[in-house]
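Spelled out, the chains give:
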Amino acid sequence: HGPTRLADYRPTDYLIDTVELDVRLDETTRVVSRLRLRPNPLGRAGAPLALDGGDLKPLRAVLDNQPLDLAEVATPERLTIAEPPRRAFTLEIETELDPAANTRLEGLYRSNNTWCTQCEAEGFRRITYYLDRPDVMAVFTTRIEASKEEAPILLSNGNRVEAGEAGPGRHYAIWRDPHPKPCYLFALIGGDLDSIHDEFTTASGRKVDLGIYVEKGKKHRAYYAMQSLIHAMRWDEFVYGREYDLDVFNIVAVSDFTMGAMENKGLNIFNDKYILAVAETATDADYARIESVVAHEYFHNWTGNRITCRDWFQLCLKEGLTVYRDQEFSGDQRSRAVQRISDVRALRAAQFPEDAGPLAHNVRPDTYREINNFYTATVYEKGAEIVRMLRALIGHDAYHAGMALYFERFDGKAATIEDFLSCFAEAAKRDLASFAQWYAQAGTPRLHVKGVHDAKAQTYTLTLRQETPPTPGQTTKKPLPMPIRIGLIGRDGAEIPMVQDEPWSAREAKFGVFELPGAERAIVFKNVPTPPVASVNRRFSAAVILEMDLSEDDLLLMMAHDSDPFNKWQAAQSLATRLMIRSTAAIRAGEMPEFSEKFAEALGRALEGYEGDPAFAAQMAALPSENDLARDIGCDVDPEAIFLARKALRDGIGRRLGQRLVTVYDKLHSDAAYSPDAASAGRRALRSACLDLYAAGNHADGADIALTQFQRATNMTDKMGALTVLSRLPTPTREKALDFFFRAHCQEPLITDKWFSLQATIPEPDTLARVKRLTKIHAFNIATPNRVYALIGAFANGNPLCFNAASGEGYRFVADLALEIDRVNPQVAARVLSAFRSWRNLEVERRAQAEQALKNVSDAPKLSPDLRDIVQRALA
Ligand code: HT7
Ligand code: ZN
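About the cut-offs
Residues numbered from 1 in each chain as written. Chains lettered and ligands numbered in written order. Predicted model: local features only at pLDDT ≥ 70, side-chain atom pairs only at ≥ 80, totals over all residues. Heavy atoms only, no water. Near = heavy atom within 4 Å. Polar contact = N/O pair within 3.5 Å; in protein donor to acceptor, adjacent residues only side chain to side chain. Areas by Shrake-Rupley, 256 points an atom, 1.4 Å probe, with all protein chains shown as cover. Helix = DSSP H or I, 4+ residues; strand = E, 2+ residues; numbered from the N terminus. Nonpolar A, V, L, I, M, F, W, Y, C, P; charged D, E, K, R; others polar. Contact = heavy atoms within 4.5 Å. Core = buried A, V, L, I, M, F, W, Y, C linked by side-chain atoms within 4.5 Å. Buried < 20%, exposed > 50% of the residue type's maximum accessible area, 1.4 Å probe, protein only. Domains from an automatic or database assignment. Expected span 1.5 Å × (residues − 1). Axes fitted to C-alpha atoms, helices over the stretch in contact; angles between N-to-C directions. Parallel < 35°, antiparallel > 145°, perpendicular 65-115°, else oblique. Pairing = 2+ DSSP bridges. Buried area = accessible area lost by both parts, 1.4 Å probe. Donors = N, O, S within 2.8 Å, 3.2 Å for Na, K, Ca; no water. Salt bridge = Lys/Arg side-chain N within 4 Å of Asp/Glu carboxyl O.

### Brief notes about the site of ligand 1
Okay, step 1: Taken together, 16 residues are adjacent to ligand 1, and Glu120, Glu263, Glu297, Glu319 and Tyr380 come closest.
Okay, step 2: Between ligand 1 and glutamate 120 there is a distance of 2.6 Å, counted from a nitrogen atom to a side-chain nitrogen or oxygen.
Okay, step 3: Relative to its unbound accessible area of 380 Å², ligand 1 is 97% covered by the protein chains.
Okay, step 4: When residues of the shell around ligand 1 are traced back to their parent elements, those giving at least two are strand S20 (261-262), helix H3 (284-299) and helix H4 (315-333).
Okay, step 5: Of the residues assigned to the shell around ligand 1, the class counts are 6 nonpolar, 5 polar and 5 charged.

Structure follows, in structure tokens:
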């Protein structure tokens, strides 16, 4: 079928007020759905009723007690009633499902013998015929029946209102969700699960029962997630004044899940890797991710569930806003600066390349062929940046007044981006029409900044100019209003007070956040006796690529003195990037890579001065990745030269700082019992970063220290830190350590995934052969998304050297596998193939190889709509 267009939106002709589902879980599951429908006053009177179906097997359909002829009204994809009554009526439909055969993990499926559902975006139509779109909101009552032995736990949305026996060996439960909701938020669970329970009392004194359900034997790993949930509930009350609105909040963790988690009303379903954590199995990064994903899904209760999206084009309305909320939550729980740095790292790693390649799209797309392919970094991460910029432009008070208005005005409704922005326009008393362009324009703006000092007038003038390069289908771009946080640093490293020359707004004068309302603006600062260093886009206030002519000395000064931690880190990144890009060119020209004593020394001092914030120092130590460099180089990319350039700098730093790194490493040693708190995690992160750099320049010694750490580690963070270092050194010790690790942990799939990823990212020529071997072992399963992401995803996205092998074999391997996965789970296949998103930037020979691999996919028979959409857009 053709593309779906935002411009074609019209309300449905019918509304559904209530849904009663009766689900009998069994090998063949029967679903009876009783819908109470009525004509929509906003729709076309007397129009046919067309309910969506997804590969359904209908058994019967009855309209107001009148059986319908299935041959006439139903296909697997649609149930059509040509002339429905012009008043309220009831439609009862029975379908038969085979959950065990459902490998797409959409609709009702089985994960490790648990029955579970995934309905976003269009999975509900795989359970029963329905108006499967988010602006149809109904009250759901769900009766689930199953064998008591197979499924003692029966859960659905809302509150449990009844439970009991249902014949020999069987039982049932009835759940009622009083809040009208779109069907994508429907969920159901049936299984034999362990659980932990807690209680939360809301600000207004209501008691909420909290439960986390996990596979048998894993409940001791759910306590951190429970604490994260409680912290998130408190934070949403405190910061946004939002209380939870049911008597029960349940989370279920399953091991087969395409994405991270799902915010179903009152019954969140999670990929278990974002729930399960104890010191022996999870790293600090896992803990941090669990905290943020649990919060994210919980926050959807207001931003997504109470107020949902009118249509899927508005996806960023819930996702961008909710990511912004979870990032702020994590910033409050941990170090704000480090959180901002890691969020920007993620944005640059995933969203910037998307925005610069053939898959670029607006944060609110105008058209789509397959909505599942729009759960992207652009919708999520850039969507969050837009909310952050909005807040920076209008200020804290107007932002919260706007949010309060939004909750008041659109509660229980399906809203649009225009609805959302109208609340802030009203609260801030300003026109946001040009700001709305952020949602309608793809591509990352480039911000060109030039500073001129006038010694005589003692002024410093900063000129800001923005432009956005064309993206597929959008050749001309408009300027976007953006907030630019600025500071001036003197040569002594002290902050220079910013004195205004021309009138500034109150926010500009008070906070140093300047608005660039159009294409260009010059800002003049008075009383600047000597040339300052301008620290621009502090805290990464605008989601842009900054182009500014800073000298190496300027960057070194910022590394040492910038009062804004983000820009302090950014200065180190910029300097390292500059060095490595020059080295890349040198290597391609057959010359030696560059090294900078000054940079190494500045980095050494930053690491040694870690006391204030070790997690921040660890961020300083992490050089830009090969993918970062490829993105910044932009065209004619040679991944092998980049790899060598980066390796040369890391090795050089490791050699140059030598024992100084070991001293910091030793000082950070702790015998205290493991705690996942941010301060302890920061110390471990810095310790690992020091070891990693040291080993890069001192292989034998580094391997010895890493092996000792590996053998003595009492937590997964230290173990993985050591194993990562060992895995980068091609010694027999590496293979022994990897074998030992596998044998110790092969019973635990989430740890095996770490082992897969580590091996898939070894930057050595025979890694592809290793990865191929690993796809054949018992622990790998193409039908389990976590395994695919851990091995194939890590290879394609985290091993640029091998994925981009000049022979093209890396491309062929990933493309062939995407085709194989497509037959099992199209969404996962499409995600795997998205690794080709930057293929046009490659040097000419690799580009030809990548194009051929993509063409092979596009020529293959029987592609799913998901994979076809990605490959066609990638090749367009
Ligand atoms: N809102 C959730 C999206 C999601 C999803 C989408 C398509 C296919 C499978 C999926 N599982 C979860 C997740 C979130 O952003 O909170
Ligand atoms: Zn979300």
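### Comments concerning the environment of lysine 207
Okay, step 1: For lysine 207, the location among the structural elements is in strand S18 (residues 207-215).
Okay, step 2: Here lysine 207 is in contact with Glu199, Phe200, Thr201 and Asp247, once residues within four sequence places are set aside.
Okay, step 3: Within the structure, lysine 207 has its side chain in polar contact with the side chain of aspartate 209 (distance 3.1 Å).

### Some details on the nonpolar core
Okay, step 1: In terms of nonpolar packing, the biggest core is built from 281 residues, with Ile275, Tyr406, Phe420 and Phe599 touching the most fellow members.
Okay, step 2: Both domain 1 (1-191) and domain 2 (746-876) contribute no fewer than three residues apiece to this core.
Okay, step 3: Beyond its immediate chain neighbours, meaning those up to four positions away, isoleucine 275 contacts Ile212, Val214, Arg221, Ala222, Ala225, Ile251, Ala253, Phe270, Ile290 and Val294.

### Details of helix H17 (residues 678-697)
Okay, step 1: For H17, with 20 residues, the first-to-last C-alpha span of 29 Å sits near the 28 Å given by 1.5 Å per residue.
Okay, step 2: Here H17 lies mainly inside the structure; 14 of its 20 residues are buried.
Okay, step 3: The backbone nitrogen of alanine 679 has a side-chain oxygen 3.1 Å away, supplied by the residue at the start of H17, namely aspartate 677.

### Some words on the packing of helix H21 (residues 749-760) against helix H22 (residues 767-775)
Okay, step 1: Axis separation between H21 and H22 bottoms out at 9 Å; the angle between their running directions is 155°. By the criterion of interaxial angle, the relationship of H21 to H22 is roughly antiparallel. In this structure, H21 uses Trp755, Phe756, Gln759 and Ala760 to contact H22, whose residues at the interface are Thr767, Arg770, Val771 and Leu774.
Okay, step 2: Partitioned by chemical class, the residues of the contact of H21 with H22 number 5 nonpolar, 2 polar and 1 charged.

### Comments concerning the sheet that holds strand S14 (residues 159-165)
Okay, step 1: Within the open sheet, the 8 strands sit side by side as S6-S5-S9-S3-S2-S12-S15-S14. Their pairing is mixed. Looking along the sheet, the strands with just one partner apiece sit at the ends: strand S6 (66-67) and S14.
Okay, step 2: Pairing of strand S5 (residues 57-63) with S6, which is carried by 2 bridges, proceeds in the antiparallel orientation. If you follow valine 62 over to S6, its bridge partner there is proline 67.

### Digging into the domain arrangement of the protein
Often the size quoted for an interface is simply the accessible area lost on bringing the parts together.
Okay, step 1: Segmenting the protein into domains produces domain 1 (1-191) and domain 2 (746-876).
Okay, step 2: With centres defined by C-alpha atoms, the gap from domain 1 to domain 2 works out at 35 Å.
Okay, step 3: The interface of domain 1 with domain 2 comprises 4 residues on the first partner and 5 residues on the second.
Okay, step 4: Taken together, the two surfaces of domain 1 and domain 2 that pack against each other cover about 420 Å², and 45% of this comes from carbon and sulfur.

### Remarks on the coordination of the zinc ion (ligand 2)
Okay, step 1: Distances from the zinc ion (ligand 2) to its protein donors, His296 (NE2), His300 (NE2) and Glu319 (OE), fall within 1.9 to 2.1 Å.
Okay, step 2: Summarised as a motif, the one-chain spacing of the donors to the zinc ion (ligand 2) is H-x3-H-x18-E. Taken together, the residues span a long stretch of sequence, with histidine 296 in helix H3 and glutamate 319 in helix H4 at a distance of 23 residues. In this pair, the class of histidine 296 matches that of glutamate 319, namely buried.

### Overview of unusual backbone geometry
Most peptide bonds take the trans form, and the phi angle of most residues other than glycine is negative.
Okay, step 1: Going from glutamate 120 to alanine 121, the amide bond is cis rather than trans, its omega being -5°.
Okay, step 2: Examined against the element boundaries, alanine 121 turns out to sit in the loop between strand S11 (114-118) and strand S12 (138-147).

### A short note on the sheet that holds strand S26 (residues 459-467)
The strands making up a sheet associate through backbone hydrogen bonding, with each pair oriented either parallel or antiparallel.
Okay, step 1: Taken in spatial order, the 5 strands of this open sheet run S29-S31-S26-S25-S33, and their pairing is mixed. Strands at the two margins of the open sheet, each flanked by one partner only, are strand S29 (499-500) and strand S33 (545-548).

### Here's the deal with the pairing of strand S2 (residues 14-24)
Okay, step 1: In this structure, S2 lies alongside strand S3 (residues 29-39), joined through 10 bridges in antiparallel fashion. Looking at S3, one finds that threonine 18 is bridged to arginine 36.
Okay, step 2: Across 7 bridges, S2 lies against S12 in parallel orientation. Counterpart to glutamate 20 in the pairing with S12 is threonine 141.

### A word on the environment of alanine 82
Okay, step 1: The residue alanine 82 is located in the loop between strand S8 (78-81) and strand S9 (89-97) in this model.
Okay, step 2: Alanine 82 sits 38 residues away from arginine 44 along the chain, and the two C-alpha atoms are 13 Å apart.
Okay, step 3: Leave out the neighbours within four places in its chain, and alanine 82 touches Ala47 and Pro48.

### Looking at the pattern of salt bridges
Okay, step 1: All told, the structure shown has 82 salt bridges when counted by the stated rule.
Okay, step 2: Between lysine 318 and glutamate 120 there is a salt bridge, with the nearest N and O atoms lying 2.8 Å from each other. Residue lysine 318 is located in helix H4, and its partner glutamate 120 is located in the loop between S11 and S12; the two are separated by 198 residues in the primary sequence. Of the two residues, lysine 318 and glutamate 120, neither departs from the other in class, the shared state being buried.
Okay, step 3: The partner of glutamate 640 in a salt bridge is arginine 846, and the shortest N-O contact between them spans 3.8 Å. Linking glutamate 640 in helix H16 (residues 639-667) with arginine 846 in helix H27 (residues 844-859), this pair joins segments that are 206 residues apart in sequence.
Okay, step 4: Residue classification places glutamate 640 among the partly exposed residues on the basis of a relative accessible area of 41%.

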